[in-house]
Amino acid sequence: MSDTPARTPFRSGAITDPRLPVPDFPAQEQPFPGLAREMDPLPDHGETSYRGSGRLKGKRALITGGDSGIGAAAAIAFAREGADVAITYLPDEQPDADRVVAAIHADGRRAVAIPGDLRDEVFCKEMVESAVSQLGGLDILVNNAGRQQFCNRLEDLTTEDFDATMKTNIYAPFWVTRAALPHMEAGGSIIITSSVQAFSGSAHLFDYAQSKAANVAFAQSLAKQLAPRGIRVNAVCPGPYWTALQISGGQPTDKAQEHGASQPLGRPGQPVEIAPIYVLLASDEASYITGEYFGSVGGGEL
Ligand code: NAD
Ligand code: MG
């Protein structure tokens, strides 16, 4: 095989050569928050490619932003590992959420779908109460929803934009976790989706990068606070993944098209490829893992 893999159409399936498949990315843009089902190529959330082995049997999980991308891949993997799963998302994302719910049902697990805006403290609290009552408890919380809107010049970054990023990426995980904790017992696992941006912020992601640094600190601090209660807290720091976030204002169109191309592996990750980290951190197998952050950056550095 030559050193440079040919650009081939993306197809879902087991990936053995980590450089492959290299999808063709036509230029594309959607209004925020974007729909995964409108993307070309479709992101691989693991619908047909993730194989479970009972690692989360009987557990109950809540995943924010579970309609698409990394959250959808975690939701599908969790269900395939035997968990019942609640997902939250913005009302405009119902078509994506419906597909995740169908995938969870296809695995014979319970799916709970709760639309709403996580920038609203009251919604966060009520959403958690509703998820807990419909699931019959809570063992795993994944704070995954995130807002990324690029802005090239600090002078153009409005207070409203800055506030929306901080509300979504910092306040919501605080509000959701505070509401969830009274329902979690020893053995529980909390995961937060941070980013490679926490350690090396891009010029055009000023507000986002610092919010993602806060997500790492969230895990490191809360892990120490909750260790005496037997609840673990960890962060996941993805590099470039092919999700709606990137083509709905997260990157300029030309950058989104090349998302991941400069990584050593030469491509972005597909959401299913990060799901195993979430499964591990959620499972009892990770019983001595807390206060850590895990990268998946395609060979780049955290
Ligand atoms: P995504 O767009 O598929 O998922 C993000 C989700 O966040 C949306 O589906 C939406 O449901 C939710 N969300 C955003 N604002 C919300 C609000 N106000 N109220 C309720 N829900 C809201 O994209 P993704 O890439 O899977 O993003 C998941 C996480 O991964 C985010 O935290 C993101 O910062 C992080 N991340 C992504 C990448 C990447 O390259 N895709 C890289 C590093 C980190
Ligand atoms: Mg979405």
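See the structure above.
Residues numbered from 1 in each chain as written. Chains lettered and ligands numbered in written order. Predicted model: local features only at pLDDT ≥ 70, side-chain atom pairs only at ≥ 80, totals over all residues. Heavy atoms only, no water.

Participant: Can you explain the site of ligand 1? Please cite residues and give values.
Facilitator: Around ligand 1 lies a shell of 31 residues, among which S68, E93, N144, Y208 and T243 are the nearest. L245 has a polar backbone atom sitting 3.3 Å from an oxygen atom of ligand 1. Q246 places a side-chain nitrogen or oxygen 2.7 Å from an oxygen atom of ligand 1. Look at ligand 1: alone it shows 810 Å² of surface, and the protein chains cover 98% of it. Residue assignment for the shell around ligand 1 shows that the elements contributing at least two residues are helix 1 (69–80), helix 5 (206–226) and helix 6 (244–250). Here the shell around ligand 1 gets three residues from one element, more than from any other, and that element is helix 6. (Near = heavy atom within 4 Å. Polar contact = N/O pair within 3.5 Å; in protein donor to acceptor, adjacent residues only side chain to side chain. Areas by Shrake-Rupley, 256 points an atom, 1.4 Å probe, with all protein chains shown as cover. Helix = DSSP H or I, 4+ residues; strand = E, 2+ residues; numbered from the N terminus.)

Participant: If you had to explain the sheet that holds strand 5 (residues 189–193) to someone new, which residues and values would you point to?
Facilitator: Spatial ordering of the open sheet is given by 3-2-1-4-5-6-7, a layout of seven strands whose pairing is parallel. Looking at strand neighbours, the two that pair on one side only are strand 3 (111–115) and strand 7 (293–296), the edges of this open sheet. Sheet twist, expressed as the mean angle between neighbouring strand axes with direction ignored, is 15°. (Pairing = 2+ DSSP bridges. Axes fitted to C-alpha atoms, helices over the stretch in contact; angles between N-to-C directions.)

Participant: Go over the packing of helix 4 (residues 159–180) against helix 5, please, and point to the residues and values.
Facilitator: Direction vectors running N to C along helix 4 and helix 5 enclose 15°, while the axes themselves pass 9 Å from each other. Taken together, the axes of helix 4 and helix 5 are roughly parallel relative to one another. Handedness of the helix 4/helix 5 crossing: right-handed. When helix 4 is examined against helix 5, the residues D161, F162, T165, M166, N169, I170, P173, F174 and T177 are found in contact with a partner set consisting of F206, D207, Y208, Q210, S211, K212, A214, N215, F218 and L222. Along the lines of polarity and charge, the residues of the contact of helix 4 with helix 5 split into 10 nonpolar, six polar and three charged. (Parallel < 35°, antiparallel > 145°, perpendicular 65-115°, else oblique. Left-handed = near helix turned anticlockwise from the far one by under 90°. Contact = heavy atoms within 4.5 Å. Nonpolar A, V, L, I, M, F, W, Y, C, P; charged D, E, K, R; others polar.)

Participant: How would you explain the nonpolar core if you had to name every residue and give the values?
Facilitator: Judged by nonpolar contacts, the single largest core of 36 residues is most densely connected at F78, V85, I87 and Y278. Per element, the largest residue contribution to this core is nine residues, and it comes from helix 1. Excluding residues within four positions of it along the chain, V85 makes contact with A61, I63, A75, F78, A79, I104, R110, A111, V112 and L135. Listed in part, the 32 residues of the second largest apolar core include M127, L141, L181 and L222. (Core = buried A, V, L, I, M, F, W, Y, C linked by side-chain atoms within 4.5 Å. Buried < 20%, exposed > 50% of the residue type's maximum accessible area, 1.4 Å probe, protein only.)

Participant: I'd like to hear about the packing of helix 1 against helix 2 (residues 94–106), residue by residue, with values.
Facilitator: At a minimum axis separation of 8 Å, helix 1 and helix 2 run at an interaxial angle of 15°. As the angle between them shows, helix 1 and helix 2 are arranged roughly parallel. Once helix 1 is placed against helix 2, the crossing between them reads as right-handed. Counted together, A72, A75, I76 and A79 of helix 1 and V100, A103 and I104 of helix 2 form the full contact between these two elements. Partitioned by chemical class, the residues of the contact of helix 1 with helix 2 number seven nonpolar, no polar and no charged.

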